[in-house]
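Chain by chain, the residues:
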Amino acid sequence: MKINPYQPDQTGMAYSVGTTLDRFIKSKQSDFPFASGELSQLLRDIALAAKIVNRETNRAGLANIGGAFGQTNVQGEEQQKLDVIANIRFIRALSKGGEVCAIVSEEEDAVIDLHNTSGKYVVAIDPLDGSSNIDVNISIGTIFSIYRRITPAGSPIQMEDVMQPGSKQVAAGYVLYGSSTMLVYTTGFGVNGFTYESSLGEFFLSHPNIQAPKDGNIYSINEGSELEWNKGVQDYIRLCKEKGYSARYIGSLVADFHRNLLKGGIYIYPPTQKNPNGKLRLLYEANALALLAEQAGAIATDGKQNILSIQPESLHQRTPLIIGSEKMVQTAMEYFAEEK
Ligand SMILES: O=P(O)(O)OC[C@H]1O[C@](O)(COP(=O)(O)O)[C@@H](O)[C@@H]1O
Ligand SMILES: [Mg+2]
Ligand SMILES: [Mg+2]
C-alpha cells in the first residue's frame, strides 16, 4: 500500500506520517459533538496500557511470563499468564484514567462496575487475543470497543449500558504485538494506524486513513475444522482454492484481520459442531473489528446480518464471523445463503 505522507482524511485534514498519537488524538477532538477530552484521554489510557503489555509480550520468554496461569476463564479456556497480566494492566489503566464506569473483559465472568460516578464510557476488551500463540512468538493482540453509557452518569450501571449493539460504538480498535507493535483505531471518522517506536515510547502515525482493498486473494479459516463446516462454507472455500487464492491463517484474529485489512482478504470463523455459534465473542472481538472494517470500506457479517446490528443478549456470547474485502464477503454470503 503506497502511503502518501500528506494523505488527507475524510475531513480533508492532512496528517503527516510521523504525527504522534497524542497530537493526532488532540487534533481529531473537534470531530465529536460532545468533545470534552474524555474520549481522547481514554484512548491515551489504552495506548499507555498497550505500551506496558507490549513490553511484557516482548520479554514473555525471558521473564517466565509465558505458559499457563493454571486457571480457566468463563469460556472454559485455560488462561495463559499473559492473558491475566494483560487483563490486569488494561483494567488498571482504564480504572485509573477516570473516564470509564464499566468494563467487560474476556477474562472476567461479570461486568466490572468501577462505581465511577463521573465515568461516561463502557469498555469491552479482549486483553490478549491469540492466546494459543503467546508461547511460540507469533503475533498476538488486544481488541477494544468503547461505548457511551446510556443511563445517566452517577446512577448505577445497568445491563443496557453494556449490552449495546456494535453500531453504538463511539470508538474501537486493536493493538497488534507483532514484528512491530501497532495501534489501529477508529472513532467513526476513518481508520488510522500507529506504529510504536519503543526507544521513544511513542506511537507514530504510519498508516493514515486505511482503506481495505475491495477484493483480494487471501482466505483465512482454520481448515482443521473442515469436516464440521456446513455445505455453504465448504463450497466457498473450494471456490477460493479453484481460484488459486492463498490460504493464510495465523490463529490470532487480530493478526489475520490486520493482514487482510491492508492486503485484501477474507477471514471466516464459521459455526462448527464444536462451536455451533462460532468461537469468537461478539462484545469484545467481533464488534470492534466490524466497526473498523466498515470504516475502512470492508464488510463484517455473521452470515445472516451485519455484525454491528446484532443486539447482544449475554456478555460472552459468541457469533460466527465473516469479515474482509467487500467483494469476497459478498461472494461468500451468496454461498452461505444457499444453506437456508
Ligand atoms: O484455534 P482456532 O479454533 O482456529 O481459534 C483461533 C481463534 O481463537 C482466538 O485465539 C480467540 O481469541 P483469544 O485468544 O482471545 O481467546 C482468535 O484470536 C483466533 O482467531
Ligand atoms: Mg480473542
Ligand atoms: Mg483473549
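Residues numbered from 1 in each chain as written. Chains lettered and ligands numbered in written order. Predicted model: local features only at pLDDT ≥ 70, side-chain atom pairs only at ≥ 80, totals over all residues. Heavy atoms only, no water.

### Considerations on the domain arrangement of the chain
- Under the domain assignment, the chain is made up of domain 1 (21–207) and domain 2 (218–339).
- Its C-alpha centre places domain 1 at a distance of 22 Å from the equivalent point of domain 2.
- Contact with domain 1, which involves 49 residues of that partner, is made by 31 residues of domain 2.
- Between domain 1 and domain 2, the buried area comes to about 2800 Å², and carbon and sulfur atoms account for 63% of it.
- A per-residue breakdown of the area domain 1 buries against domain 2 is headed by Ile143, Met163 and Tyr174, which together make up 22% of the total.
- The tally of links between domain 1 and domain 2 comes to two salt bridges.
- Arg281 is the partner of Glu77 in a salt bridge, and the nearest nitrogen-oxygen pair spans 3.5 Å.
- Scanning the region where domain 1 abuts domain 2 turns up 21 residue pairs in polar contact (both at pLDDT 80 or more).
- Looking at the side of domain 1 that touches domain 2, the elements with two or more residues in it are strand S3 (100–105), strand S5 (121–129), strand S6 (140–148), helix H4 (159–162), strand S7 (171–177) and strand S8 (181–186).
- Split by residue class, the side of domain 1 that touches domain 2 holds 25 nonpolar, 18 polar and six charged. (Domains from an automatic or database assignment. Contact = heavy atoms within 4.5 Å. Buried area = accessible area lost by both parts, 1.4 Å probe. Salt bridge = Lys/Arg side-chain N within 4 Å of Asp/Glu carboxyl O. Polar contact = N/O pair within 3.5 Å; in protein donor to acceptor, adjacent residues only side chain to side chain. Helix = DSSP H or I, 4+ residues; strand = E, 2+ residues; numbered from the N terminus. Nonpolar A, V, L, I, M, F, W, Y, C, P; charged D, E, K, R; others polar.)

### Brief notes about the side chain of Ser252
- Looking at where Ser252 falls in the secondary structure, it is placed in the loop between strand S12 (246–247) and helix H6 (253–263).
- Overall, Ser252 belongs to the buried group, its relative accessible area being 0%.
- A distance of 2.7 Å separates the side chain of Ser252 from the backbone oxygen of Ser139, its partner in a polar contact.
- Residues contacting Ser252, with those up to four places away along its chain left out, are Asp129, Gly130, Asn133, Ser139 and Ile140. (Buried < 20%, exposed > 50% of the residue type's maximum accessible area, 1.4 Å probe, protein only.)

### Details of the pattern of salt bridges
- All chains considered together, the criterion is met by 14 salt bridges.
- When the shortest N-O distance is used, the salt bridge between Arg44 and Asp22 registers 2.4 Å. Highlighted residues: Arg44 in helix H2 (residues 38–58) and Asp22 in helix H1 (residues 21–28), separated in sequence by 22 residues.
- You can call Asp22 partly exposed: its relative accessible area is 30%.

### With respect to the packing of aromatic side chains
- The full count for this structure, using the stated rule, is seven aromatic pairs.
- Judged by centre distance (5.8 Å) and plane angle (90°), the ring pair of Tyr174 and Phe257 falls under edge-to-face. One end of the pair, Tyr174, is in strand S7; the other, Phe257, is in helix H6, with 83 residues separating them in the sequence. Across this residue pair, the class does not change: Tyr174 and Phe257 are buried.
- Residues Tyr196 and Phe203 carry aromatic rings whose centres are separated by 4.9 Å and whose planes lie at 40° to one another, so their mutual orientation is tilted. The same class applies to Tyr196 as to Phe203, namely buried.
- Taken together, the ring pairs in this structure connect Phe24, Tyr185 and Phe194 into an aromatic cluster. (Phe/Tyr/Trp six-rings, centres within 6.5 Å; stacked < 30°, edge-to-face > 60°.)

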